[in-house]
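# What the coordinates show
Each chain is listed here by its residues.
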Amino acid sequence: MLPTIIYAQTKLPAIFGNNMILQQSSEPKIWGTDAPGKKVTVRTSWNNKEYSTIADANGKFAVNLVTTAAGGPYNITVSGSKKIELRNILLGEVWLCAGQSNMEMTLKGYPNQPIEGALQAVLSSANDQIRMFTVPRHPNLIAQDTIKQTQWLSASVENTNKFSATAYFFGRLINQVLNVPVGLVHVSYGGSNAEAWMSATGLKAFSDIKLPVEGEKIPAPNRAATMLYNGMLHPVIGYGIKGAIWYQGESNYERPDQYETLFPAMVAQWRKDWGIGDFPFHFAQLAPYNYAQLAPYNSGGKYNSAYLRDAQRKSLDKIPNSGMISLIDVGEEACIHPMKKREAGERFALLALGKTYGKTGFTYESPMVDKITLEGNVANVKFRNVPSGMTSYGQPITEFEIAGEDGNFWAASATLTRAGISVYSPNVKNPKFVRYAFKDFVVGNVFNIEGLPLPSFMVEIK
């Protein structure tokens, strides 16, 4: 017989606290625990409405609020076995910011690994309209309902320095353009792979991924399937968000073929769990890096991280309502954590402003291959998202390769044209494949006129 759980008082998960931002003009959920059968009432000051429910047999309760347009500050009163007052609440735009170390990297950087422009960004960061919530590291075998107590913090010199640089730069530009409060829920863990952020149910189709079991030694919990989903993501699933930005893939780079299905499956599971439809999901194509310098020092073949970058590019067609930023121009050969996090965050913001918020008058996506036609043995590549054309800023384009049916790639000359880029190699008489920046470490130098880089790709000519 299972023991009866008695809750002596009303409790809310740590994500609900003073200074939080709730998604505007939506129906965000608030949940918690109380004594089984206890009536719980939630009152919101922005519309003076009251919502009531009854805690179930397990003591759990949940209600959906109705929020108005951006504004505040407001209060929420939760009344059950005790009264909880949540103060200084804003309504605005809320984004989940997740991934591994490049999302986790704070504005103060890592030892010997700086963030470019961080000091200036931190010193000018004071802004009560940007509020940040970081979920602490907490891998777990069992799905958790809450995390250890942490707080929503306003952007300030003291607080911003310790927050995700990519997420901050993203939120800063969203706030500047939309002029509404922005809430950033940061959930990341360095070195984590995608399966660590998925549930056992979500991984059923992946029989080659081992699930950890109680009692076994888990030397790297950030790489163990389900562990971060259970301990870090599950406690915030259901919190009202507008969308998500995702910067991860380094720890899956050696399994690019699997990532082509694993990553879209992860996104589909998160969307199902949140229960708010296909919310926007924007992700970063990894910055180039020399992965051969990491143990076990694999190189060549599919260990070329360009294959993982291409798996990410292909995910755009598999994940509805998604967008991808390219970081092909900011990688560092000897450091897996590029210092140019402003570029990452602001490119995420451009995607959100254009694709999610419908802002116009600017180009917000990187060039993408549209179609390739042959003219003799010259492959003419046309691109989308280049309304004003493309540029290499006067530098030679050196990273295109071309192959025939045999799949042997040769360095190719590439010439900018009014219609796109023409690619040619005298060694390939009947071109079948074109690829660009398809090396473990490379610096791409092709952009649309607005300065967004062409992602690395490998495309078959059909």
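This text follows the structure it describes.
For the structure given in this document, a descriptive report is provided here. Everything quoted here is computed from the prediction, not taken from an experiment.

Our next topic: the packing of aromatic side chains. Applying the stated criterion across every chain, the model contains 25 aromatic pairs. Taking the centre distance of 5.8 Å and the plane angle of 70 degrees together, the rings of Trp 46 and Tyr 74 count as edge-to-face. Of this pair, Trp 46 sits in the loop between β3 (39-44) and β4 (49-54) while Tyr 74 sits in strand β6 (residues 71-79), and the two are 28 residues apart along the sequence. Each of the two residues, Trp 46 as well as Tyr 74, counts as buried. Judged by centre distance (5.5 Å) and plane angle (90 degrees), the ring pair of Trp 246 and Trp 270 falls under edge-to-face. Taken as a pair, Trp 246 in strand β11 (residues 243-247) and Trp 270 in helix α6 (residues 256-274) lie far apart in primary sequence, 24 residues in all. For the pair formed by Trp 246 and Trp 270, the shared burial category is buried.

On to the layout of surface pockets, then. Empty space within the largest pocket amounts to approximately 440 Å³. Top contributing element to the lining of the largest pocket by residue count: strand β2 (residues 29-33), with 4 residues. Of the residues contributing to the lining of the largest pocket, the split by class is 10 nonpolar, 6 polar and 4 charged. Quantified by volume, the second largest pocket comes out at close to 370 Å³. What lines the second largest pocket is a set of 19 residues, and nearest its centre among them are Thr 106, Thr 134, Lys 162, Phe 163 and His 186. Of all the secondary-structure elements, those providing two or more residues to the lining of the second largest pocket are β8 (127-134) and β10 (182-188). If one sorts the elements of the lining of the second largest pocket by residue count, β8 sits on top with 3 residues. In terms of residue class, the lining of the second largest pocket is made up of 7 nonpolar, 8 polar and 4 charged.

In this structure, Ile 76, Trp 197, Leu 233, Tyr 239, Trp 246, Trp 270 and Phe 281 are the most contacted members of the largest nonpolar core, which totals 109 residues. The leading source of residues in this core is strand β7 (residues 83-99), at 10 residues. Once residues lying within four places of it in the same chain are set aside, the contact partners of Tyr 239 are Ile 15, Phe 16, Met 20, Ile 21, Leu 22, Trp 31, Val 94, Trp 152, Val 185 and Trp 274. Within the second largest apolar cluster, 25 residues are counted, among which are Ile 421, Val 423, Val 428 and Leu 454.

We now examine the sheet that holds strand β23 (residues 457-460). The 4 strands are arranged β18-β17-β21-β23 in an open sheet whose pairing can be described as antiparallel. Two strands in the sheet have a free side with no partner beyond their single neighbour: β18 (409-411) and β23. With direction set aside, neighbouring strand axes in the sheet form an average angle of 25 degrees. On the sheet, helix α7 (residues 306-315) packs against β21 (433-436) and β23 and is oriented at approximately 65 degrees with respect to β23.

Calculation rules
- Residue positions are counted from 1 within each chain, in the order its sequence is given.
- Per-residue local features are limited, in this predicted model, to residues with pLDDT of at least 70; the limit for side-chain atom pairs, both in listing and counting, is 80 or more; totals at the level of whole chains, interfaces and linings are taken over all residues.
- Computation of side-chain values covers all heavy atoms of the structure but excludes hydrogens and water.
- Stacked, tilted and edge-to-face are the three classes assigned to paired rings of Phe, Tyr and Trp, where Trp is represented by its six-membered ring and a pair needs centres within 6.5 Å; plane angles under 30 degrees give stacked, over 60 edge-to-face, the rest tilted.
- Strands are runs of DSSP state E lasting at least 2 residues, helices are runs of H or I lasting at least 4, and numbering of each runs from the N terminus.
- Between buried and exposed lies partly exposed: a residue is buried under 20% and exposed over 50% of the maximum accessible area for its type, with that area taken using a 1.4 Å probe on protein chains only.
- Think of a 1 Å grid over the protein atoms and nothing else: a 1.4 Å probe that fits but is trapped marks a cavity, an open set flanked by protein within 12 Å on at least five of seven lines marks a pocket, and residues with an atom within 4 Å of a point count as lining.
- Grid points are joined across faces, edges and corners, and a volume is the space filled by probe spheres set on the points.
- Charged means Asp, Glu, Lys or Arg here, nonpolar means Ala, Val, Leu, Ile, Met, Phe, Trp, Tyr, Cys or Pro, and polar covers whatever is left, Gly included.
- To form a nonpolar core, buried Ala, Val, Leu, Ile, Met, Phe, Trp, Tyr and Cys residues must be joined to one another through side-chain atoms within 4.5 Å.
- In what follows, residue pairs with any heavy atoms lying within 4.5 Å of each other are defined as contacts.
- At least two DSSP bridges between two strands are required for those strands to pair.
- Angles here are taken between N-to-C directions and fall from 0 to 180 degrees, while the axes themselves are lines fitted to C-alpha atoms, restricted in helices to the stretch in contact.

Without other data, these values stay purely geometric and don't point to any function.
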